[in-house]
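Residues per chain, in single letters:
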Amino acid sequence: MKQVFALVDCNNFFVSCERVFDPALEGRPVVVLSNNDGCIIARSNEAKALGIAMGEPLFKARAEIRRHDIQVYSSNYPLYGDMSARVMSALQTFTPDIELYSIDEAFLNLAGFEGRGLDNYGQDIRTAVKRWTGIPVSVGIAPTKTLAKIAGYVAKKFPGANGTFVIADEATRRDVLAKIPVAEIWGIGRRWAKMLGSRSIETALDFHDTPEPWVRKRMGVTGARTLLELRGLACLDLESQSPDKQTIRVSRSFAKPVESRRVIRESVAAFAARAAEKLRRDGLLCSVVNVFAATNRFGPQGDYYRGTASSAPPAPSNHTATITHAAMAAFEQVYKPGLQFKGAGVMMLGLARAGDAQGNLFAPPDPSRDTRAQALMTAFDAINTRIGRGMLRYGAVGVAERGKRGVYTVQNRRSPNYTTNWSDLPIVRAH
């Protein structure tokens, strides 16, 4: 059967989520900030037209924000995550084969739906997602995933595409590729784009017409696969199940420099507990716990410090107590009294599935392999999911952990959690 892929991409996703619950933002310039309200990570089309740059620090953009009355929001990841799940749920009504590529993108397998008219089917997808979630999306359809990415780029950037674009024949493919810079090809990084540009390969069509042996010699198997995908030969299948993670990282920047050993230690313990929760969610065990902490990189010259240390549990584990104990051991090697720390975090290394992890014959039994301990962690996670993260926690996190959020987050412009918190539900009053 002929392959047909669709890339569905949410337009300005974080901004669109904010607009769903505040329609007055439609048509107005809006930006969303990173953690601690540091940099701009999402912009509406109106903000882009005003020259607001992606990644620009908030303090540098303040003058333009005031001049143009740009609406500014702190990032609200619980809201964005829930809205993403709603979008993906809507997409699953159009095909059973779907790959969740990122929080705002998904690949769909549309093979067998050609009889409905692919352009019309793409418009049906856009209409349904907008109606059911309020989120506008663009749809690119093509015989390979790489070409679907190109079609999605056209659907989003070219107004005449009306949000959907289909690459179904060679003439359309060559015409589109001639308009796309080589750097916009999925899988062509900055280094390769620079190398190709130095050889006058400026557009996607230039790369498309480059001899395969030349590409394979200079860019390896990955480059050759990208070339074949551009030529309409599908080399990448849908990944219905994401590959196991190699690392899990939980970290935060502090709102203000922190010197207190207790506060930093409790923060690291909270990060370790969160990492253990993620390990259990993904069915993984951790062999090494890495802890790091750093002062302000932009402080007085010569005062920057970044310490890192690792500690291994007796056996691979995902039990909160075991992971936290290892993190606390590593923390003692990282912390230096008298320093003003600006951030800290933990990283889980040496990850493996329970059946694949190498045990330790001479270590005591790990709680991860004990039925009662596993049941305890399952109940632990279920309660925190239902009532609120951090409601149940180990003593190392500190008794005031839930009220300590202000230590390491600044979110002065955060919208309510409309869909994930009962107290934040919108209220409609009849006049």
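Up top you'll find the structure we're talking about.
Participant: Help me understand the pattern of salt bridges in this model?
Facilitator: A pair can form between side chains of opposite charge whenever their charged atoms are brought close. Scanning all chains against the criterion turns up 16 salt bridges. For the salt bridge of aspartate 82 with arginine 86, the shortest nitrogen-to-oxygen distance reads 2.8 Å. Here arginine 86 and aspartate 82 lie together in helix α4 (residues 77-91), a separation of four residues that amounts to about one turn. In this structure arginine 86 comes out as partly exposed when scored by relative accessible area, which is 41%. For glutamate 277, the salt bridge identified is with arginine 274, shortest N-O distance 2.8 Å.

Participant: So what exactly am I meant to see when it comes to helix α3 (residues 58-67) here?
Facilitator: Along an α-helix, residues three or four apart share an orientation, since each turn contains 3.6 residues. Of the residues making up α3, those classed as buried are Leu58, Ala61 and Ile65. Looking straight down α3, one finds its buried side chains confined to an arc of 70 degrees; they lie on one side. Exposed side of α3, more than 90 degrees from the buried face: Phe59, Lys60, Arg66 and Arg67 are the residues found there. Contact partners of the buried residues in α3: β2 (30-33), β3 (40-43) and β4 (71-74).

Participant: Before we go on, may I ask you to explain the environment of isoleucine 41 in this structure?
Facilitator: Here isoleucine 41 shows up in strand β3. The partly exposed category is assigned to isoleucine 41, whose relative accessible area is 25%. On a C-alpha basis, the gap between isoleucine 41 and proline 57 in space is 9.5 Å, while along the polypeptide they are 16 residues apart. The contact partners of isoleucine 41, leaving out residues within four places of it in the chain, are Phe14, Val32, Leu33, Ser34, Met54, Ser75 and Tyr77.

Participant: What am I meant to see in the environment of phenylalanine 21 here?
Facilitator: One can find phenylalanine 21 in helix α1 (residues 13-21). A relative accessible area of 26% places phenylalanine 21 in the partly exposed class. Phenylalanine 21 sits 397 residues away from tyrosine 418 along the chain, and the two C-alpha atoms are 7.9 Å apart. Phenylalanine 21 has contacts with Leu79, Met83, Tyr418, Thr419 and Pro426, leaving out every residue within four places of it along the chain.

Participant: Honestly, the sheet that holds strand β5 (residues 98-102) in this entry has me stumped. Any pointers?
Facilitator: Pairing between the strands of a sheet comes from backbone hydrogen bonds, and it takes one of two forms, parallel or antiparallel. Pairing within the open sheet is mixed, and its five strands lie in the order β5-β6-β1-β7-β8. Every interior strand has two partners, whereas the edge strands, β5 and β8 (164-166), have only one. When strand polarity is set aside, the average angle formed by the axes of neighbouring strands in this sheet is 15 degrees. Packed on one face of the sheet, helix α6 (residues 145-157) meets β1 (5-10), β5, β6 (105-109), β7 (137-142) and β8 and runs near 140 degrees to β7.

Participant: Hey, could you run me through the sheet that holds strand β9 (residues 248-258) in this one?
Facilitator: The strand order across the open sheet formed by four strands is β9-β13-β11-β12, and the pairing between neighbours is antiparallel. Of all strands in the sheet, those bounded by a partner on one side alone are β9 and β12 (306-311). Strand after strand, the sheet turns through a mean of 10 degrees between neighbouring axes, direction not considered. For β9 and strand β13 (residues 341-349), the ladder comprises seven bridges, and the chain directions are antiparallel. Within the sheet, the bridge partner assigned to isoleucine 248 lies in β13 and is methionine 348.

Participant: Could you clarify how one ought to interpret helix α7 (residues 170-177) in this entry?
Facilitator: The set of residues buried in α7 consists of Arg173, Val176 and Leu177. Looking down the long axis of α7, one finds its buried residues gathered within 95 degrees of arc, a one-sided arrangement. On the buried face of α7, the contacting elements are α6, β8, α9 (204-208) and α10 (212-230). The opening residue of α7, the one whose side-chain oxygen lies 3.2 Å from the backbone nitrogen of alanine 171, is aspartate 169.

Rules used in this analysis
Residues numbered from 1 in each chain as written. Predicted model: local features only at pLDDT ≥ 70, side-chain atom pairs only at ≥ 80, totals over all residues. Heavy atoms only, no water. Salt bridge = Lys/Arg side-chain N within 4 Å of Asp/Glu carboxyl O. Helix = DSSP H or I, 4+ residues; strand = E, 2+ residues; numbered from the N terminus. Buried < 20%, exposed > 50% of the residue type's maximum accessible area, 1.4 Å probe, protein only. Arc of directions from axis to C-beta. Contact = heavy atoms within 4.5 Å. Pairing = 2+ DSSP bridges. Axes fitted to C-alpha atoms, helices over the stretch in contact; angles between N-to-C directions. Polar contact = N/O pair within 3.5 Å; in protein donor to acceptor, adjacent residues only side chain to side chain.

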